[in-house]
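Single-letter residue listing:
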Amino acid sequence: MSMTVKPYYFSDKLSNFDYLIPKSIEEAVDLLQKYKGSAKLMAGGTNIIPALRLKIFPVYPEKIINLKGIKELKYIKEESGFLKIGALTTFSEILENKIVDSTYKALTEAALTSAPPQHRNLMTIGGEVCKEPYSWYMWNPNPIARELISDPSYIANEGMNQYLSIFGGSDMGYAVNISNIAVALSALNAKIVTTQRTIPIEEFYQDKMGVTSNTILAEGEIVKEIQIPKPDKKIKQAFMRISFRKFIDESVVSSAICANMSSDTIEDVRIFLGSVDPKPIRATQAENFLKGKKLLLTLLKKHVKNLFKEQHL
Amino acid sequence: MNIIKFTVNSKEETIVVQPNDTLLDVLRNKLGLTGTKDGISLGEGGWDTVIMDGKVVPASFVLAMDADGSNIETIEGIAAKKHPLVKAFVEEEHIQGGYDIPGKIVAAKALLDKNPNPTLEDVKEALSGVLGREGLYPKDIVAVLKAAKMCEKSDPKKLEKEIKKAEEIVDFKIEKRDECAYQFIGTNILTRADQAYPKATGQAKYSRDMILPNMLYAKWLISPYAHAVVKKVDASKAKEIPGVFEVYTWEHPLFKDLPKVGWNNYYPIITNQPKFEGDEAGVIVVAETEELCDKALNALDVEWEELPFVLDPEDALKPDAPKIHPEINSNSNELISDTWSLGDIEAGFKEADRIIEGKIVYRSKLHSCDDIGTATAWWEGDHLHIWIKAQDPRWREGKIVSALGIPKSNLHLKVAYVGGSCGGDLMTERSGTRDQIAAAIISKDQQRPVQIASRNRRYYFDYHYPVHVAYYKVGAKNDGTITAIHLRSIVDNGGDDGGGATFWFPKGWNMPMRYFEIFTKIPNLFHDQHIVWTNKSPMWWARCEQDGTAWIYGAIMNRVAVDLNLDPTEVTLKNACESGVPSLKKAIEIGKKEIEWDKKWHKPGDKLLSNGKYHGIGFSGYWEWGAGAHAAVGLRVMEDGSVSIIGMTPDTGVGIHPAIRYIPAEVLGIDPEKVGFTAAASQTNDVGALLGDIGGSWTTAADGDAVWNACQKAKSIIIDRASKKMMLSPEVLELKDGKVFPKHNPKEFLTISEAIAPYDVFVSVTTYPMSQCDYGPLGSYDCAYGHHRKRKYECFQAHFIEVEVDPETGLTEIKKTVHVHDVGTAMYPSGIAGQIYGGLFMPIGRTLFEEEVWDPKTGVLLTTNLKDYKVPTIGEVPDKIVARVIEVGKGPGAYGIVGVGEDTSTAALSPIGNAVHNALGIAPDNYESPFTAIRLLDALDKKEVR
């Protein structure tokens, strides 16, 4: 069988594009509308640059719209019962913030374990929640690999899938949401404010994906702010992850928990798992089991294996 | 046009840039600041770290236009300001290849600016984004903390504590045979500062940093298919692009009739028949810039014929498997199929009380050194110059000159700094040589310097460790005496002619049986071996191609002990070859004490700790196996009494040069600071000396041997000259402590300089492989090649590792490691230390999480970045690494030395695997290597079911 495919080569050099730096959100939205389909947004660059380098998009974007000129999207503030973080706030800024550090531990831990300092200085929270899912296939420089991502025969068997455990397949195949931050924000019940609406984070991701992203953002819609309800004193929170290497690895599985505790009894709890599905998934069976129970290690040890069974669908 | 203005290392710069230029492109290509290295596609290497407005960033992730108005600090700027970090890194005496050092220093500088009193953990976090394949992390931490102490504003007391903690991670000691034997050998009098300084300051030029004026770039088309034929290439559109100079194909007259290359000379320099995904596919484009090369490649119309492929070596042996090299073997994919035997295998099994059978599988690993080599060629008339990355320039010369039809005297191979080679740049026969030949041909055709930009090196042409499958049957007596071993082994050669699986013997390397053949006294052995082509990247040798075989040996010995309910150290000792017993016995004794074996060793699967993890402890014996290289050196004793050694060994930073410099100092009795080592380029007429091969881990032994012999020659010439000046017969004269004197009257002496001035003394020595001769002042290497059973003395090792395996996650953590090396004679302790503790990190990765995975449906490599191919980070530093060096046996080199270059990195796999076996109580026959979380969880699940 003879065929012609696009020539394949490796390059660290980016192919050319027009670089647009709007000064306001309105201008950014206009540009995005104007160059529909041929433009990509850039915030910190830690996702878009490697994506361009590996040419993972079916069509190499003609325009890159960098949001860095929109100064008003960089802030952390407490306001009307919410912690509000501007989309262009970097991970380093989040980690250096005293309010976040004292009240939103799950977020700090998630940010800290996301990447080494070089990357945290560039990564923004807005870029992070919109980031493309990850898989060996999707981020492969060979376009042939990327055509396979929705084929269910690639589910984990014989160790094939050991680096990305996956609970369920979807239209996207086996690419998973690797964002630690998305998991922490889900447990913290955050909302995402865009140029068009305010979306609870649980509704922000979908199983179906567009070309590479699986957020529900419409074309021309831009994330402006992340809002986290201020937890009252009864709320305990934690973020944990398992990775093969301590540093630089994506999580094999991550989990964030936000529990409303009355002494050591759990009144209400939100548990999310990350890096196992195209979106952070809610462990409802585990939540239901824990509600109203005293938090005892022996109890957890006894039941932990059954608590996530329903996720294996 | 976009113009950016920014400050780089306190200097204002104004530069025209394109939107697609990164800050890294600008720093390296426009400002010539090559101390900042490529950070690779996902930025996971961290070698591109710079400081931008006070914050560390990966320069390959920042668009140049976004650097407008910023203040950038690179390694060059930090070094120019004499930051204590540079001093501390150099003084820590641990820098080897050094490709990772600028990134680490820059990351550390940002840390110290913010936090003048960091803790050990702070340093780990700050350096977590910079990988270093040589595993020198423990000393990096010490260097950063010591630098912090040198800075103003720091609290020395606080830092002292952290420094002590960091220094205690590695516990290195030498137990000498005889404290007073030598004046310099066995000391750290010489430092590696002269080699380390250029690396720590970013001045060192690696092969990728050779950006020559007027240089063109060349780039290969690569195959997206695992097996294919390029039927037709239409390059007309590509050639029309301004700045694209030529598109060379396999049919181009300059390339068409070239001789084949490769270890067995099986492979064409340029071929339209790629044998694996990522293979170079018959087309090279040449253009003014790399970006234009990409454009030209993109504009090609290529017609492919996709062929069926096979990935697994056992599948490749099946009769209906697609044939990968029908031109070599049209019947099967076997490159080599052979049997080997010793004694009577059936009689051996009859003698046994127990028969133990099983299967060990070792999966493919990637070498992945930091620095990816490239070739830059240019001509001066009929003379060819090539900048290369190599550990072995000599090996390549023949291939290059025969391809080009030029006399060897017209070839000038120039070895750039080697940024971590670890054997990977020894004999990269096909690809490295192919690049060099192609660059030379194109340079001649274009009349300009040409650099081949080869980004696919790391994942496709770097060394791959062969997949190794071994079916074993062992006969053993109840006391642990092994009577017979039958092995059927299948070794993956990949799709190429690398030599990884075929070196040493035309009929195959007899691995892993060689381990039992050479290092044990087991009387009856039978090996049925198959070396097989597959459609995967080539398998080559490097540090350490014997991982798989070492693991098979170690796993079998341990399995025998476990099944017979015996102590594995005793089983190993009982079956060891006689010549190695004294050395092995001592090594085991020290190792057991250091790891507290008697207290900690337990029945497999027997020890669940209170933290919910299984405790495991493992052992494996090992040995120094290298003895093959030959060497050629020149030795020039200058009229002022100083000495220059001219040898082939390039600077890989591991301490070979200082070790060898001790030899003239020792023999002639002069200050070692007055002995220099010139690492010559390949050219005889460049340096006026004969030059020879080096041999990876054997280098110190091989070069040292030649230098020792040269010193003896020089000594007699010096005495001869003195005898003429002193009017005395040479027989009555002696040379000692740099003086020539009559034996009866030492007070009447001439210094070496007085004896020879006004002329120099020049001698040269070429040695054959030492193992074929009885060589060395102490070596007494009196046996045929490799047959250690017949050697008089042997240098053995004992490696012990303690782990914890979490049954909930399947993750294994290395807690403590103990390595006892008999090195014969310890020449240069600081170099040995680095090879032992640094060498440990390769097996940590390779046993626990490093693995290459190919897609079964397309044959496409899936682990194409260093996030998915997981080399250890600074986070994997164990709590404690104990290294003990002993001098019991004697090796083949001068002074009885042996190589240490890859021993820990080969040997430590087995004790990790055996510790996992001990922790879980499940033999490794049930889980393939690497022992990743999912494999261990599967094995635990199956055990529970049983």
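Remember, it's a predicted structure, so these values are computed and weren't measured experimentally.

Section: the environment of Ile-345 of chain B
Its location among the elements puts Ile-345 of chain B in helix α13 (residues 345-351). For Ile-345 of chain B and Pro-213 of chain B, which are 132 residues apart along the polypeptide, the C-alpha to C-alpha distance reads 65 Å.

A short note on the sheet that holds strand β4 (residues 63-66) of chain A
All names here are of chain A. Across the sheet, 3 strands lie side by side as β2-β4-β3; this open sheet has parallel pairing. At either end of the open sheet lies a strand with only one pairing partner, and these are β2 (18-20) and β3 (39-42). Across the sheet, the mean angle from the axis of one strand to that of its neighbour is 25°, orientation sign disregarded. Note that β2 and β4 share 3 bridges and pair parallel.

Some words on the domain arrangement of chain B
Residues and elements named next belong to chain B. If you check the domain split of chain B, you get domain 1 (2-78), domain 2 (82-204), domain 3 (208-308 + 375-461), domain 4 (576-627 + 775-946) and domain 5 (632-768). Taken over C-alpha atoms, the centre of domain 3 sits 38 Å from the centre of domain 4. With 7 residues of domain 3 at the contact, the number on the domain 4 side is 10 residues. Across the domain 3-domain 4 interface, the total number found is 0 salt bridges. In this structure, the connection of domain 3 to domain 4 is made through 1 residue pair in polar contact (both at pLDDT 80 or more). For the side of domain 3 that touches domain 4, the class distribution of residues is 5 nonpolar, no polar and 2 charged.

A short note on helix α9 (residues 180-187) of chain A
Residues and elements named next belong to chain A. Most of α9 sits out of view: 8 of its 8 residues are buried. Of the residues making up α9, those classed as buried are Asn-180, Ile-181, Ala-182, Val-183, Ala-184, Leu-185, Ser-186 and Ala-187. Near the N-terminus of α9, the side chain that reaches the backbone nitrogen of Ile-181, with its oxygen 3.3 Å away, is that of Ser-179. Residue Asn-189 follows α9 closely and has a positive phi angle near 60°.

Details of empty space enclosed by the protein
The final tally for this structure, using the stated rule, is 12 cavities of 30 Å³ or more. There is about 320 Å³ of room inside the second largest cavity. Considering the residues around the second largest cavity, the lining is formed by 27 residues, among which Thr-46, Asn-47, Lys-131 and Glu-250 of chain A together with Lys-867 of chain B are closest to the centre. Its residues assigned to classes, the lining of the second largest cavity shows 11 nonpolar, 8 polar and 8 charged.

Re the packing of helix α6 (residues 137-150) of chain B against helix α7 (residues 156-167) of chain B
Residue and element names in this part refer to chain B. Close contact between α6 and α7 brings their axes to 9 Å; oriented N to C, the two are set at 165°. With respect to α7, the axis of α6 lies roughly antiparallel. In terms of crossing hand, the pair formed by α6 and α7 is left-handed. Only Pro-156, Leu-159, Glu-160, Glu-162, Ile-163, Ala-166 and Glu-167 of α7 make contact with α6, whose side of the interface consists of Ile-141, Val-142, Leu-145, Lys-146, Ala-148 and Lys-149. Of the residues contributing to the contact of α6 with α7, the split by class is 8 nonpolar, no polar and 5 charged.

Remarks on the environment of Lys-521 of chain B
Residues and elements named next belong to chain B. Residue placement: Lys-521 occurs in the loop between α17 (513-519) and β22 (524-533). Taking relative accessible area as the criterion, Lys-521 reaches 39% and is therefore assigned partly exposed. In this structure the side chain of Lys-521 is engaged in a polar contact, spanning 3.4 Å, whose partner is the backbone oxygen of Lys-574. Side chain to side chain, Lys-521 and Glu-578 meet in a polar contact 3.4 Å long.

Digging into the sheet that holds strand β27 (residues 733-736) of chain B
All names here are of chain B. Within the open sheet, the 3 strands sit side by side as β27-β28-β29. Their pairing is antiparallel. Of all the strands in the sheet, the pair left with one neighbour each is β27 and β29 (750-751). Against the sheet, helix α24 (residues 699-726) makes contact with β27, β28 (739-742) and β29, and its axis sits at roughly 125° relative to β27, the strand it touches most.

Observations regarding the interface of chain A and chain B
Counting from both sides, the interface comprises 63 residues of chain A and, opposite them, 90 residues of chain B. Of the roughly 6,600 Å² buried where chain A meets chain B, counting both sides, 58% is carbon and sulfur surface. On the surface where chain A and chain B come into contact, there are 7 salt bridges. Between Glu-250 of chain A and Lys-867 of chain B there is a salt bridge, with the nearest N and O atoms lying 2.8 Å from each other.

Observations concerning the side chain of Thr-215 of chain A
Among the secondary structure elements, Thr-215 of chain A is positioned in the loop between α10 (201-204) and β9 (223-229). Aside from chain neighbours lying at most four places away, what touches Thr-215 of chain A is Val-129, Cys-130, Phe-204, Tyr-205 and Gln-206 of chain A.

Considering unusual backbone geometry
With glycine set apart, most residues show a phi of negative sign, and most peptide bonds adopt trans. All names here are of chain B. Note that the residue after Ala-757, namely Pro-758, is joined by a cis bond; omega there is 5°. Structurally, Pro-758 can be placed in the loop between α25 (752-756) and β30 (761-766). That bond from Ser-929 to Pro-930 is cis: its omega, 5°, falls within 30 degrees of zero. Mapped onto the elements of the fold, Pro-930 is located in the loop between α29 (909-920) and α30 (933-945).

Considerations on the packing of aromatic side chains
All names here are of chain B. A full pass over the atoms with the stated rule returns 28 aromatic pairs over all chains. Between Tyr-515 and Tyr-553, the aromatic rings sit 6.1 Å apart at their centres with planes inclined by 55°, giving tilted as the arrangement. Taken together, the residues Tyr-515 in helix α17 and Tyr-553 in helix α18 (residues 547-563) connect sequence positions 38 residues apart. For Tyr-515, a relative accessible area of 1% gives the class buried. Each ring, one from Trp-597 and one from Phe-619, has its centre 6.5 Å from the other, and the planes form 70°; the classification is edge-to-face.

About the criteria used
Residues numbered from 1 in each chain as written. Chains lettered and ligands numbered in written order. Predicted model: local features only at pLDDT ≥ 70, side-chain atom pairs only at ≥ 80, totals over all residues. Heavy atoms only, no water. Helix = DSSP H or I, 4+ residues; strand = E, 2+ residues; numbered from the N terminus. Pairing = 2+ DSSP bridges. Axes fitted to C-alpha atoms, helices over the stretch in contact; angles between N-to-C directions. Domains from an automatic or database assignment. Contact = heavy atoms within 4.5 Å. Salt bridge = Lys/Arg side-chain N within 4 Å of Asp/Glu carboxyl O. Polar contact = N/O pair within 3.5 Å; in protein donor to acceptor, adjacent residues only side chain to side chain. Nonpolar A, V, L, I, M, F, W, Y, C, P; charged D, E, K, R; others polar. Buried < 20%, exposed > 50% of the residue type's maximum accessible area, 1.4 Å probe, protein only. 1 Å grid on protein atoms, 1.4 Å probe; cavity = no way out; pocket = protein on both sides within 12 Å on 5 of 7 lines; lining within 4 Å. Points joined across faces, edges and corners; volume = space filled by probe spheres on them. Parallel < 35°, antiparallel > 145°, perpendicular 65-115°, else oblique. Left-handed = near helix turned anticlockwise from the far one by under 90°. Buried area = accessible area lost by both parts, 1.4 Å probe. Phe/Tyr/Trp six-rings, centres within 6.5 Å; stacked < 30°, edge-to-face > 60°.

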